[in-house]
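In case you want the letters, here they are:
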Amino acid sequence: MAIQGTPTWHFVNVGWIIPVPDLEESLMRMGKQAHWYLRWPLFLAYLVGIASPAAAFQLSPSGTPLERHQVKVNAAWYQRYTTNVASWGVYQFTHPVHEEITQYIFGCDIDEEGCSDPTMEFAPNSILAGVRWNDDPPFKLNSTSIPECRAEQTVRVVTQPICWYKLFKHAEARSKTTFFDGKSKRWNMMYRSHFGDLQFLHAMASKDGEPAAVTRGRILMWAEFSWGVATGQIPSATLLANVKIDDFEEFFGNSGQDVLTLYTLGNSALRRNIRDMAFGSLLHLVEDSFAFGHADRAPPVAGATCPESELPHPGVIRSFRSYTNQDHKKHGLHDSRDSYRARLEMKPNVVDVGKILVDKYDRQEPWSSVAGYFQCLFDLENDNQPASAGDGLS
């Protein structure tokens, strides 16, 4: 759920669908039978051949330098191997759409290939880390029976790829009968953000039938929180249980975390840039709202502006999607680079909206000043429209 992508493997919304036992067996067999210069291209081709995107605009899987260092120090050889292979070859086969959009938002004015490179520095690394956060929020396990999982280490795609994948597949299977929410500490952030109550992080409903007004309310709740962190109105040491935003406690009151830990668990290098992280996460949500697999947004009406503003109206939301019953391949097709670029012909588009938000962020406008624009971004055609997989997406 997000515009395809995330740390060390490229994955749409949630990741590559790879049969892990086959992956491990192939790695071991290739390690014994082939020389390096023959092994890695063949293995990469294998990955590309069997993988399918799960949901969201594409993300780059490279992670931050600290996370890549942690993998080198702590991971088993086959985890290091798959991480390196993906980092070397991923851009030839998939496109980091979230990062590309964000680079354009921050003024990338070079060729398309350059703007799609996540290492370009138009958008600060801390912003891009926040953009990746929604698809890959860090978490730890209290205990685990999965051999590839290390309870003492933060779980993200880049740090524990096979562990992450196995947990994801477990969540995917359980989501048909189980709703993952924050009423207890049983379900981690990955389960909840991709299959449970936190799907609003991707501009999506938490389940089929959810009224559009409910989803919109949760999106605006997160926007207010993220903007508060991004502008320093909500200090990073604030316990999530103490955040004074309507309904926020329902989702984060039992976490026991503070704001800083929510965003930067396992990555102390990002703590000085928590404001950028929060703003990047908010950009991710807004970018996803322009993806057909996440929401059905009507084309903008020429000359229409947001209420009491001269800012152009981006088009109303007709309905929100719910991920659980979608066909993940179809979702991925609508979150591809081609799909995103086709929508750039509309004005305002996702890049135009992002530039407006960057301007407001740079000026550190308070929430009271920007709330009206966010309400406009998520104007609804029908408050009671129930969420569903979406036409042609099931």
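First, a word on what this report is: a plain description of the structure on this page. Keep in mind that this is a model prediction, so the values were computed, not measured. (Residues numbered from 1 in each chain as written. Predicted model: local features only at pLDDT ≥ 70, side-chain atom pairs only at ≥ 80, totals over all residues. Heavy atoms only, no water.)

## Quick look at the packing of aromatic side chains
According to the stated counting rule, one finds 21 aromatic pairs in the structure shown. Centre to centre, the rings of Phe195 and Tyr323 are 5.7 Å apart; their planes meet at 50°, and the pair counts as tilted. Here the residue Phe195 occupies a position in helix H9 (residues 189-195), and Tyr323 occupies one in the loop between strand E4 (317-320) and helix H14 (328-334), the gap between them amounting to 128 residues. Feature note: the residues Trp133, Phe200, Trp222, Phe225, Phe248, Phe251, Phe252 and Tyr263 constitute an aromatic cluster, connected by ring pairs. Across from the ring centre of Phe252, 6.0 Å away, lies the NZ or CZ of Arg192, which sits over that ring. A cation over an aromatic ring shows up here: Arg297 above the ring of Phe290, its NZ or CZ 4.2 Å from the ring centre. (Phe/Tyr/Trp six-rings, centres within 6.5 Å; stacked < 30°, edge-to-face > 60°. Helix = DSSP H or I, 4+ residues; strand = E, 2+ residues; numbered from the N terminus. Lys NZ or Arg CZ within 6 Å of the ring centre and 35° of its normal.)

## Observations concerning the pattern of salt bridges
Counting across every chain of the model gives 15 salt bridges. Notably, a salt bridge pairs Arg218 with Glu210, separated by 2.9 Å at the nearest N-O pair. Of the two residues, Arg218 and Glu210, both sit in the buried class. The closest approach of N and O atoms between Arg363 and Glu365, which form a salt bridge, is 2.5 Å. Each of Asp359, Lys360, Arg363 and Glu365 takes part in one network of salt bridges that share partners. (Salt bridge = Lys/Arg side-chain N within 4 Å of Asp/Glu carboxyl O. Buried < 20%, exposed > 50% of the residue type's maximum accessible area, 1.4 Å probe, protein only.)

## Quick notes on the packing of helix H10 (residues 212-230) against helix H13 (residues 274-288)
Working note: a packed helix pair is described by the angle between its axes plus the distance between those axes. Running from amino to carboxyl end, H10 crosses H13 at an angle of 155°, the nearest separation of the two axes being 7 Å. Looking at the two axes, H10 sits roughly antiparallel to H13. Relative to H13, H10 is oriented so that their crossing is left-handed. Together, Ile219, Trp222, Ala223, Ser226, Trp227, Val229 and Ala230 of H10 and Ile274, Arg275, Ala278, Phe279, Ser281, Leu282 and Leu285 of H13 make up the contact between the two elements. Grouping the constituent residues of the contact of H10 with H13 by class yields 11 nonpolar, two polar and one charged. (Axes fitted to C-alpha atoms, helices over the stretch in contact; angles between N-to-C directions. Parallel < 35°, antiparallel > 145°, perpendicular 65-115°, else oblique. Left-handed = near helix turned anticlockwise from the far one by under 90°. Contact = heavy atoms within 4.5 Å. Nonpolar A, V, L, I, M, F, W, Y, C, P; charged D, E, K, R; others polar.)

## Description of helix H7 (residues 125-133)
Within H7, eight of the nine residues are buried, which leaves it mostly tucked inside the rest of the structure. Among the residues of H7, those classed as buried are Ser126, Ile127, Leu128, Ala129, Gly130, Val131, Arg132 and Trp133. Residues of H7 that are buried in the fold lie against helix H5 (97-105), H9, H10, helix H12 (259-264), H13 and helix H16 (350-362).

## Details of the nonpolar core
Ranked by internal contacts, the top residues of the largest apolar core, which has 68 residues, are Trp222, Phe225, Tyr263 and Phe374. Tallying contributions element by element places H10 first for this core, with 10 residues. Excluding its chain neighbours within four sequence positions, the residues that come into contact with Phe374 are Leu220, Ala223, Trp227, Leu282, Val286, Leu357 and Trp367. (Core = buried A, V, L, I, M, F, W, Y, C linked by side-chain atoms within 4.5 Å.)

## Quick word on H16
Given a rise of 1.5 Å per residue, 13 residues ought to cover 18 Å, and the 18 Å separating the end C-alpha atoms of H16 matches this to within 8%. Within the span of H16, buried status applies to Val350, Val351, Val353, Gly354, Ile356, Leu357, Val358, Lys360 and Tyr361. Among the structural elements, H5, H7, H10, H13, helix H15 (337-342) and helix H17 (367-377) are those in contact with the buried residues of H16. Among the residues of H16, the N-terminal cap falls to Asn349, whose side-chain oxygen and the backbone nitrogen of Val351 are separated by 3.0 Å. A positive backbone phi angle near 50° is found at Gln364, which sits one or two residues after H16. (Expected span 1.5 Å × (residues − 1). Polar contact = N/O pair within 3.5 Å; in protein donor to acceptor, adjacent residues only side chain to side chain.)

## Notes on the environment of Gly293
As for its position among the elements, Gly293 is in the loop between H13 and strand E3 (295-297). Here the alpha-carbon distance between Gly293 and Phe320, two residues 27 residues apart in the chain, equals 8.9 Å.

## Some points on the state of the cysteines
Under the counting rule described, the total for this entry stands at three disulfides. Put simply, Cys108 and Cys115 are joined by a disulfide, and their sulfur atoms are 2.0 Å apart. One disulfide, between Cys108 and Cys115, carries an S-S torsion of -95° and so falls in the left-handed class. Note that Cys149 is cross-linked by a disulfide to Cys163, the S-S spacing being 2.0 Å. Across the S-S bond linking Cys149 and Cys163, the dihedral sits near 100°, which makes this disulfide right-handed. Of the two residues, Cys149 is situated in the loop between H7 and helix H8 (161-174) and Cys163 in helix H8; the sequence distance between them amounts to 14 residues. Cys163 shares its class with Cys149; the two are buried. Each bonded cysteine of the protein gets a number by its place in the sequence, and the pairs then read 1-2, 3-4, 5-6. (Disulfide = S-S within 2.5 Å.)

## Examining the side chain of Thr264
Checked against the element boundaries, Thr264 lands in helix H12. A polar contact of 2.6 Å, which involves the side chain of Thr264, links it to the backbone oxygen of Leu260. Non-local contacts of Thr264, meaning those with residues more than four positions away in its chain, are made with Leu270, Arg271 and Ile274.

## A word on the packing of H5 against H13
Contact geometry for H5 and H13: axes closest at 11 Å, N-to-C directions at 105°. With respect to H13, the axis of H5 lies roughly perpendicular. On the side of H5, the interface is formed by His98, Ile101, Thr102 and Ile105, while H13 contributes Leu283, His284, Glu287 and Asp288. Across the contact of H5 with H13, the residue classes break down as three nonpolar, three polar and two charged.

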